[in-house]
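Chains, contacts and geometry: an overview
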Amino acid sequence: MSNANSFRMALGRFVTGVTVITALDENGEPVGLTANSFNSVSLDPPLVLWSLARRSKNLSAYESASHFAVNVLSVDQKAISDRFARPVEDRFSGVEWEPGTGGAPVLKGCAAVFECSKEQCYEGGDHVIFLGRVESFDEENRVPLAYHAGRYATTAHYAGEFTNGPFQDDYLLYLLARASSLASAEFHAELASLGVPVPMWRILAILSGSEGHPVGEIAARALLKQPNVTKIVNRLEELGHVRRTADPDDRRKVLVRITPAGEDLVASLIVRAQAHEASLLGTHTPAEAEILKRGLKQLIRRLAERQSGLLFEAPEMEAV
Ligand SMILES: Cc1cc2nc3c(=O)[nH]c(=O)nc-3n(C[C@H](O)[C@H](O)[C@H](O)COP(=O)(O)O)c2cc1C
């Protein structure tokens with residue numbers, strides 16, 4: 001590996017955020033580029049810096065501009081980072097922004113913005129270092145976009161939470177069980193107030209919209225023991241919410257199918273479950289919620305694949 005490459009790779013070990021630095025050029029047109037060289041310099045006076053490659057076609061614009069804005073990107077703005085790092089004709093097209101201090105564009109949806117007057121420019125080898133005085137700043141409760149080893153990343157957790165805490169506080173199985181038990185407790189209370197037992201809800205939710213399932217499969221999916229499922233299915237059959245029918249593909253097999261009355265009941269419960277889920281995820285950004293669900297789905301799929309060869313009966317679980 002060449003020296004330059006290994007230097008670049010070693011620098012990439014330093015985790016940074018991602019910013020778009022904006023300004024107005026000599027004609028008053030907005031310019032902007034993606035930069036991770038941003039850093040804080042001084043608190044009093046409030047100073048920040050960033051560096052620009054000398055080969056940048058916008059070097060003269062930043063050198064002549066009286067102000068620049070540092071837009072700290074959020075995890076939802078990966079596309080903006082890509083856009084402002086590529087030779088796109090108009091980088092601002094389709095991007096929401098408004099003029100900030102000295103006219104420098106302030107982008108919408110960022111984790112933070114620092115609006116600066118230019119204090120100094122310094123020679124920095126093949127880069128020019130810009131020192132800015134922060135005239136005003138703003139911060140939003142958004143997850144910042146991170147950059148590490150040449151790839152975008154997210155700050156999934158904070159160092160103190162996994163290096164200093166007790167083992168259990170960062171142990172995946174404990175986190176899954178605790179999150180499930182806390183979240184389930186809320187929804188189970190709602191079901192109890194409606195007089196719907198949790199196993200009944202799980203069974204109806206599994207059958208909803210399906211062509212029916214054998215009791216054994218329902219038990220595995222609902223994390224319940226088969227004799228319990230049989231009892232609840234009997235009760236649901238008495239209430240007219242399900243019925244047993246022969247499997248059209250194999251007449252010797254019996255399928256449990258949901259009836260229209262059962263679908264009516266479960267539809268109202270599903271609406272409540274979705275509202276509860278929205279309230280659980282309400283403190284997350286849509287991107288965080290997506291990452292959380294995607295991670296759990298991947299985990300379930302991989303574990304199911306790994307264990308598909310093993311014959312076992314899942315232990316009955318109280319949560320979910
Ligand atoms: C994550 C990331 C960080 C970057 N950081 C910088 C930087 O700090 N300084 C710089 O000059 N270019 C940086 N670049 C590259 C510029 O964004 C890119 O070369 C851009 O095309 C330069 O803009 P220009 O076309 O207006 O010259 C970065 C690119 C990415 C993807």
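Residues numbered from 1 in each chain as written. Predicted model: local features only at pLDDT ≥ 70, side-chain atom pairs only at ≥ 80, totals over all residues. Heavy atoms only, no water.

1. What to know about the overall build of the protein chain
- Tallying secondary structure elements over the protein chain gives ten helices and 14 strands in all.
- For the protein chain, whose C-alpha radius of gyration is 28 Å, the value lies well above the compact-globule estimate of 20 Å for 320 residues.
- Each of the three principal axes of the protein chain carries a C-alpha extent, and together these read 80 × 40 × 40 Å.
- Residues counted as buried form 32% of the 320 residues belonging to the protein chain.
- By element, 55% of the accessible surface of the protein chain is carried by carbon and sulfur atoms, the whole surface being about 19,700 Å². (Helix = DSSP H or I, 4+ residues; strand = E, 2+ residues; numbered from the N terminus. Rg over C-alpha atoms; globule rule 2.2 N^0.38 Å. Buried < 20%, exposed > 50% of the residue type's maximum accessible area, 1.4 Å probe, protein only. Areas by Shrake-Rupley, 256 points an atom, 1.4 Å probe, with all protein chains shown as cover.)

2. A short note on the site of the ligand
- Taken together, 15 residues are adjacent to the ligand, and Thr34, Ser37, Ala53, Ser56 and Asn58 come closest.
- A distance of 2.9 Å separates a nitrogen atom of the ligand from a polar atom in the backbone of Ser51.
- Contacts to the ligand include Ala85, whose backbone N or O atom sits 3.0 Å from an oxygen atom.
- When the ligand sits alone it has 630 Å² of accessible area, and the protein chains cover 80% of it.
- Listing elements by their share of the shell around the ligand, those giving two or more residues are strand 3 (30–35) and strand 5 (47–53).
- Tallied by class, residues from the shell around the ligand come to seven nonpolar, six polar and two charged. (Near = heavy atom within 4 Å. Polar contact = N/O pair within 3.5 Å; in protein donor to acceptor, adjacent residues only side chain to side chain. Nonpolar A, V, L, I, M, F, W, Y, C, P; charged D, E, K, R; others polar.)

3. Re the packing of helix 6 (residues 198–207) against helix 8 (residues 226–239)
- The geometry of helix 6 relative to helix 8 is characterised by a closest axis approach of 10 Å and an angle of 75° between their N-to-C directions. Relative to helix 8, helix 6 is oriented roughly perpendicular. Counting all contacts with helix 6, which are made through Pro199, Met200, Ile203 and Leu204, the residues of helix 8 involved are Val229, Ile232, Arg235, Leu236 and Leu239.
- Taken together, the residues of the contact of helix 6 with helix 8 break down into eight nonpolar, no polar and one charged. (Axes fitted to C-alpha atoms, helices over the stretch in contact; angles between N-to-C directions. Parallel < 35°, antiparallel > 145°, perpendicular 65-115°, else oblique. Contact = heavy atoms within 4.5 Å.)

4. Side note on the pattern of salt bridges
- Using the criterion set out here, one finds 13 salt bridges in the structure.
- Across the salt bridge formed by Glu290 and Arg294, the nearest N and O atoms sit 3.6 Å from each other. With a gap of four residues between them, Glu290 and Arg294 both fall in helix 10 (residues 286–307), about one helical turn apart.
- A residue is classified by how much of its surface remains accessible, and Glu290, at 44% relative accessible area, is partly exposed. (Salt bridge = Lys/Arg side-chain N within 4 Å of Asp/Glu carboxyl O.)

5. As for the pairing of strand 3
- Note that strand 2 (residues 19–24) and strand 3 share six bridges and pair antiparallel. Each residue of the ladder has a partner; that of Thr22, found in strand 3, is Gly32.
- Joining the antiparallel neighbours strand 2 and strand 3 is a turn of five residues, in which Gly28 adopts a positive phi near 80°. (Pairing = 2+ DSSP bridges.)

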